[in-house]
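Commentary on secondary and tertiary structure
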Amino acid sequence: LFADRDVSRPRSRSSKRNVRDFGPKGHDYDRASNEFSEECIFTESEIDDMLAERLQAKLSRDFRTADSIQEKLWDGGVAVHDGQKLWRADGVSFGASNGPKAGTERGSRADRNRPYEISELSQELEDPDDVKFVVDMVERRREAKDDREYDLADDIRDDLRDR
């Protein structure tokens, strides 16, 4: 699967981050539930607009704005799960969460050092060399993030996504 690629260094993305098309909604999140609770103060269109604005802020590395929008969504009855690219406004959270970040405490980085686990949502890899490659690349990405080499971490992420 990956044998024809030189993976010693991830590909350069130049301006790829700024060119990505997220479609008519401006974001790549799916709605997890068709229900809206009375706690949700936003329309679906308003939620789409805020998710799009938040995504652009994240891509621009304006995390203060992105976090502010996430807080506004949470306070307005909308839960967002970045890892699964889902949102919901049915009054149900995505996990053990008392705030906007599913499964973590606000601002927690406690899961940063947990071992990598292949998600059930991931494409199944049959070749053990492919599995080892992915595990190695995920570790390289973690190290790059720890070293604040975010462009390298993004390159590794995009390289894995494009495979």
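Quick look at the structure, then. (Residues numbered from 1 in each chain as written. Predicted model: local features only at pLDDT ≥ 70, side-chain atom pairs only at ≥ 80, totals over all residues. Heavy atoms only, no water.)

**Brief notes about the overall build of the protein chain**
Broken down by element type, the protein chain carries five helices and three strands. What you see in the protein chain, going N to C, is helices and strands ordered as α-β-α-α-β-β-α-α. Sorting the 163 residues of the protein chain into buried and exposed places 31% on the buried side. Look at the contacts in the protein chain between residues 6 or more apart in sequence, and 60% of them connect residues 24 or more apart. Entry remark: accessible area of the protein chain is about 11000 Å², with carbon and sulfur atoms responsible for 44%. (Helix = DSSP H or I, 4+ residues; strand = E, 2+ residues; numbered from the N terminus. Buried < 20%, exposed > 50% of the residue type's maximum accessible area, 1.4 Å probe, protein only. Contact = heavy atoms within 4.5 Å. Areas by Shrake-Rupley, 256 points an atom, 1.4 Å probe, with all protein chains shown as cover.)

**Considering the packing of aromatic side chains**
As enumerated under the stated definition, the model contains one aromatic pair in all. Aromatic pair Phe 36 and Trp 87: ring centres 6.1 Å apart, planes at 70 degrees, arrangement edge-to-face. Linking Phe 36 in strand 1 (residues 30-36) with Trp 87 in strand 3 (residues 86-89), this pair joins segments that are 51 residues apart in sequence. On the basis of relative accessibility, which here comes to 1%, the residue Trp 87 falls in the buried class. (Phe/Tyr/Trp six-rings, centres within 6.5 Å; stacked < 30°, edge-to-face > 60°.)

**Some points on the sheet that holds strand 3**
Read from one edge to the other, the open sheet built from three strands follows the order 1-3-2, with strand pairing classed as mixed. Each end of this open sheet is capped by a strand with a single partner; those strands are strand 1 and strand 2 (79-81). Mean inter-strand twist for the sheet, computed between neighbouring axes without regard to direction, equals 10 degrees. In the sheet, strand 1 pairs with strand 3 via three bridges, with the strands oriented parallel. Residue Arg 31 lies in a different strand from strand 3, and its bridge partner there is Trp 87. In the packing of helix 2 (residues 44-59) onto the sheet, contacts are made with strand 1, strand 2 and strand 3, and the angle to strand 3 comes to roughly 145 degrees. (Pairing = 2+ DSSP bridges. Axes fitted to C-alpha atoms, helices over the stretch in contact; angles between N-to-C directions.)

**Let's talk about a negative patch on the surface**
Judged by side-chain charge, Glu 124, Glu 126, Asp 127 and Asp 129 come together as a negatively charged surface patch. Relative to the assigned elements, Asp 129 resides in helix 4 (residues 128-146). Accessibility expressed as a relative area gives 56% for Asp 129, which makes it exposed. (Patch = residues over 30% accessible without salt bridge, like charges linked within 9 Å, V, L, I, M, F, W, Y side chains within 5 Å. Salt bridge = Lys/Arg side-chain N within 4 Å of Asp/Glu carboxyl O. Lys, Arg positive; Asp, Glu negative; His and termini not counted. Charge placed at Lys NZ, Arg CZ, Asp CG, Glu CD.)

**Remarks on helix 4**
Here helix 4 spans 27 Å end to end across 19 residues, near enough to the 27 Å set by a 1.5 Å rise per residue. Restricting attention to buried positions, one finds in helix 4 the residues Asp 130, Phe 133, Val 134, Met 137 and Ala 144. The buried residues of helix 4 occupy one face: seen down the axis, they fall within an arc of 95 degrees. At its buried positions, helix 4 is contacted by helix 5 (150-161). Looking at where helix 4 begins, the residue whose side-chain oxygen comes 2.8 Å from the main-chain nitrogen of Asp 129 is Asp 127. Backbone geometry just downstream of helix 4 places Arg 148 in the positive-phi region, at approximately 60 degrees. (Expected span 1.5 Å × (residues − 1). Arc of directions from axis to C-beta. Polar contact = N/O pair within 3.5 Å; in protein donor to acceptor, adjacent residues only side chain to side chain.)

**Things to note about the packing of helix 2 against helix 3 (residues 63-75)**
The axes of two packed helices give the description: the angle between them and the distance between them. Packing of helix 2 against helix 3 leaves a shortest axis separation of 7 Å and a crossing angle of 155 degrees. Between helix 2 and helix 3, the angle is such that the two are roughly antiparallel. In this structure, helix 2 crosses over helix 3, and the sense of that crossing is left-handed. Where helix 2 abuts helix 3, its residues Ile 47, Met 50, Leu 51, Glu 53, Arg 54, Ala 57 and Lys 58 lie against Phe 63, Thr 65, Ala 66, Ile 69, Gln 70, Lys 72 and Leu 73. (Parallel < 35°, antiparallel > 145°, perpendicular 65-115°, else oblique. Left-handed = near helix turned anticlockwise from the far one by under 90°.)

**Let's talk about unusual backbone geometry**
Of note, the phi angle at Arg 61 is positive, near 65 degrees, even though the residue is not glycine. With a relative accessible area of 28%, Arg 61 lands in the partly exposed category. The backbone phi angle of Arg 148 is positive, close to 60 degrees, even though this residue is not glycine. The topology assignment puts Arg 148 in the loop between helix 4 and helix 5. According to the relative accessible area criterion, Arg 148 is exposed, its value standing at 65%.

Keep in mind that these numbers describe shape and distance, not what the molecule does.
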